[in-house]
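Architecture and fold: a report
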Amino acid sequence: MSSHDENADELELLRQEGRRLGMPGAIDPASVGVSLTTAEDILARAKGSGPDESAPASLDQRRRQRGTLAVRAAAAVAAAAVGILAIGLAPWHQGAADAIAPPVLDYEFADARNIAYAPGEDARAALLALADTAEKQPQRSPAGSTQLVVSDNWFATLEEGKPAQLIPKQNSSWLRKDGSVSVREVSGKPLSPDGRVPPIDRGTTGSRVDDETYPPDDGLDAQYVAKLGGDTDRVRDTLMTTQECEVRVVSPSRARCLYQEITNLFSYSVVPPRTTAAFWRILADEPSVRLLGSVKDRVGRRGVGISLIPANAPQFRLVAIISPETGQLLGTEDIRIKDDPTVGVEAPAIYSFTAILEARYTRATGPRD
Amino acid sequence: MQCVVGRSLSGLARLYALDVGEDEFTALFHALSGRLFSFAAARLSPQAADDAVSQTFETVWDKRTECPSDPTARIGWVFTIGRYKILQELDRRSRKHHDQRFADDYPSRSMDQSDVSETVAESDLGRWIYGQLTPQERDLFDVAFMKDVSRDEAAAMLAISVGTFNTRVSRLRSRIRALRRHAESDALSQEGEAR
C-alpha cells in the first residue's frame, strides 16, 4: 500500500471512528433553522454599497487604492490577455539563443533538485544582518523628484490548451511627485518555450513598446515609502493596514502579506536605506520566512535568498534576493514547486522573475500619453 | 474556469490572481458556503455563522482580483478569509461579553451562544470527546468530516500542507482513541463503585 493510500485510509478511519462514536458531523443550515444568505443577495449588497466613483476618495480610500493602482499601473502594459501567467527564463547566464528551460538558481541551501522541499535555514540572523547593512548605506540626496525603477523580466502568456509564449520584457516606471505614474514595457518577440530565443532587443527593431500613464488622482502617494520611516513596529503596522492583512499576528499568512507588500513597493519606489532595514527586520520576525543562502542573481550579482511558501498557495515558493553589500532588494523569483498540468508546466519551474536594475530619483519625468 | 490573470507589479498577484465574474462567484458560493457554514456553526450561533458566511463572500467579492486560479488554493483562500471572519466574530463576542458583564446582560448572550454541537452530536460519548478536543483538533476534525472533502482541500482549508494534515489526522485518531478508552475506563470504575 502506498503512503498516499495509507493517508487516505487514516482519514477514512477517522471519519468512521467519529461516526461510530456519535461525534458531531456536518451542520446543515436547515437543521438549525437557518436559510443561508444567497450569492445573489451578497452580490446585490456589494453592488449597492459600492463606492461612488464620482466622489473624491477619502484618505483611507486613497490608501487602499494605492495598492490597486500599483497593480493597475503595471497591468496596463500587460495586454489585457486571457490567462497571462508569468514564466521566467534566464537569458543572462546562458546564451539566450539556446535557452530551453528557465533554470532554478543555485542557492546555498537549495537548488533545482530540492527547491520544492528544501527547508532552508532560520532567516532571522541573516535578515537582521542585512537590515544593519542597509541602514549603514548613505542616504543620497535625490537628484530629482521622480522615482525611476528599471527591471528586467521574462514573462510568458499562457492560455489553457494553447502553447505558452515566452516574452522578454524590460519594465521602467516613473513615479512622479504628484502621484502620477508612467510605465513603459519593452517586449521582445514572443517565442516558444522550448524554441530558440533571440536576445532581448531593447526598444529597437522587433520590439514592442507599451506606454501607460496613470493620473495623479488615482490614489497613489508618491511619498508613501519615503514617509514610512525606520521604526520597525510602525512600518509593520502601516504595511498591514495598507495591504489589509487578514491576520495581524505572527503567522505564515501575515508573512505572506508583508512580503507581498514589501516586494511590491520595491517594484515602483525608491526605498530609503532605513526603511529597507525596517522591512528586513519585519521579515526577520516571521519564522515562516526561511533563508536559502548565498546566490548569484540573474544578472550575476551576489545576493542572499530568502523564501516563503504561501499557505494559501503552497504550489509556489516565493524568493527575494537581497544584496549583502547594500542590503537592497535585487529581485524576486516566483517558483512553481508543484506540477501545473493545465498549462503543461512541470515543477520546479520559474514562473516569473524580476531583476531590479535601477531604482533612483531622476529629473526626467518619463513618457506621458 | 477561465483564468483572467492581470499581470501586475505585485509578483504574487501576477502569479495566481483571477478575475472572478458573477457566475464564477455564484458557483464558488454554492460549492463552499455550506461547508463554511458547517465550520462556522460549530463555533458560533447559527445566525452568527450565517453572518460569517455572508461576510466571507462579501470579502471574496471585494478581493476577487486576488482569487487563486488553482482550484485547491482557491478553497484555501476562501477558508482563510472565512476563518478570519469567524475569529473576528468570536473576538467581537468576547468583547461584547465583557461589556455585558457590566450591563448584567448574561441571559441574552448565553442564548446567542447555543452549542450547536449538542444538536448534531449523536451520543453523549461523542459530544464529550468532541468537547475535550483542543481548538486546533476541533478545526481538523470539523474539516475532515466535511462531506466529500479531499485531503488536499482539507489541508488547504486549514492552511497547512498535506503532509502536516496527514500527520495531524493520525495524531487526532490516537487522541480520540485515548479519550474513548479514558471514558470507557471511567464508566467501568463507576459501575464497579455502584455495585
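Attention here is on the structure that accompanies the text. On a predicted model such as this, the values are computed, not experimentally measured, just so you know.

**Some points on the overall build of chain B**
Along its length, chain B carries 10 helices and two strands. Reading the secondary structure of chain B in the N-to-C direction produces α-β-α-α-β-α-α-α-α-α-α-α. Considering chain B as a whole, with its 195 residues, one finds that 45% of them fall into the buried category.

**Description of the pairing of strand β5 (residues 181-187) of chain A**
Residues and elements named next belong to chain A. Burial analysis of β5 places six of its seven residues in the buried class, which makes it a mostly covered element. Across seven bridges, the pairing between β5 and strand β6 (residues 208-214) is antiparallel. In the sheet register, S182 faces β6, and the bridge partner there is T213.

**Considering the nonpolar core**
Among soluble globular proteins, nonpolar side chains are generally buried collectively. Within the largest apolar cluster, 118 residues are counted, with the highest numbers of intra-cluster contacts made by L127, W280, L283 and I306 of chain A together with A40, A144 and L158 of chain B. If one sorts the elements of this core by residue count, helix α2 (residues 22-41) of chain B sits on top with eight residues. With residues up to four places along the chain from it excluded, the contact list for L158 of chain B reads D139, L140, V143 and F165 of chain B.

**Quick notes on the packing of α2 of chain B against helix α3 (residues 46-62) of chain B**
Residue and element names in this part refer to chain B. Two numbers describe how α2 lies on α3: the axes approach to 9 Å, and their chain directions differ by 145°. Seen from above, α2 lies across α3 with right-handed handedness. Between α2 and α3, the contacting residues are F25, L28, F29, S33, L36, F37, A40 and A41 on the first element and P46, A49, D50, A52, V53, T56, F57, V60 and W61 on the second. For the contact of α2 with α3, the class distribution of residues is 14 nonpolar, two polar and one charged.

**Quick word on unusual backbone geometry**
All names here are of chain A. With a phi angle near 55°, E244 is a residue other than glycine that sits in the positive phi range. Take E244: it is sitting in the loop between α5 (232-243) and α6 (252-266). E244 sits in the partly exposed class, given 14 other C-beta atoms within 10 Å.

Rules used throughout
- Residues numbered from 1 in each chain as written.
- Chains lettered and ligands numbered in written order.
- Predicted model: local features only at pLDDT ≥ 70, side-chain atom pairs only at ≥ 80, totals over all residues.
- Helix = DSSP H or I, 4+ residues; strand = E, 2+ residues; numbered from the N terminus.
- Buried ≥ 20, exposed ≤ 12 C-beta atoms within 10 Å, placed from the backbone.
- Pairing = 2+ DSSP bridges.
- Core = buried A, V, L, I, M, F, W, Y, C linked by C-beta atoms within 7 Å.
- Contact = placed C-beta atoms within 7 Å.
- Axes fitted to C-alpha atoms, helices over the stretch in contact; angles between N-to-C directions.
- Left-handed = near helix turned anticlockwise from the far one by under 90°.
- Nonpolar A, V, L, I, M, F, W, Y, C, P; charged D, E, K, R; others polar.

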